[in-house]
Amino acid sequence: MDLHLAIEDGRVVCRSCGEDICAAEENYKLHSLCERKPLTEAGALVNDPAVYVDDEMEFRQFYCPGCATLLENEVIKSDHEPVHDKQVFSE
């Protein structure tokens, strides 16, 4: 899937520790540890979202539940579910 996640026997697993996170068709972020932070912690180049949108935004970081390896970062509206950005499709 990427540098930190792999698909093994239809399951998403952490490449660092081998933790079985979830079924391949599921959103792994829903099964990861999630730290929600203010957008200001996303980096110095991130502007105040209030300049562009009225909705409250947040910076989320997702970690492996087995070894705490950082798996993904996401900037998203505070009331939204995590984006299912890594989906496996079969032919």
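What comes next concerns the included structure.

### Quick notes on the overall build of the chain
Each helix and strand in the chain was counted, giving zero helices and six strands. Taken from the N to the C terminus, the helices and strands of the chain come in the order β-β-β-β-β-β. With respect to the three principal axes, the spread of C-alpha positions in the chain is 45 × 30 × 20 Å. Split into buried and exposed, the 91 residues of the chain put 34% on the buried side. Of the roughly 5,900 Å² that the chain leaves accessible, carbon and sulfur atoms contribute 48%.

### Re the pattern of salt bridges
Taken as a whole and judged by the stated rule, the model has 10 salt bridges. Glu35 is the partner of Lys37 in a salt bridge, and the nearest nitrogen-oxygen pair spans 3.8 Å. Under the relative-accessibility criterion, Lys37 is labelled buried at 16%. Here Glu35 falls in the partly exposed class, since its relative accessible area comes to 37%. Each of Lys29, Arg36, Glu58, Arg60, Glu74 and Asp85 takes part in a single network of salt bridges with overlapping partners.

### Observations concerning the side chain of Glu74
Within the element layout of this structure, Glu74 appears in strand S6 (residues 70-77). Assessed through its relative accessible area of 7%, Glu74 is described here as buried. With residues near it in sequence (within four places) discarded, Glu74 still touches Lys29, Glu58, Phe59, Arg60, Phe62, Pro82 and Val83.

Reading the values: rules and limits
- Residues numbered from 1 in each chain as written.
- Predicted model: local features only at pLDDT ≥ 70, side-chain atom pairs only at ≥ 80, totals over all residues.
- Heavy atoms only, no water.
- Helix = DSSP H or I, 4+ residues; strand = E, 2+ residues; numbered from the N terminus.
- Buried < 20%, exposed > 50% of the residue type's maximum accessible area, 1.4 Å probe, protein only.
- Areas by Shrake-Rupley, 256 points an atom, 1.4 Å probe, with all protein chains shown as cover.
- Salt bridge = Lys/Arg side-chain N within 4 Å of Asp/Glu carboxyl O.
- Contact = heavy atoms within 4.5 Å.

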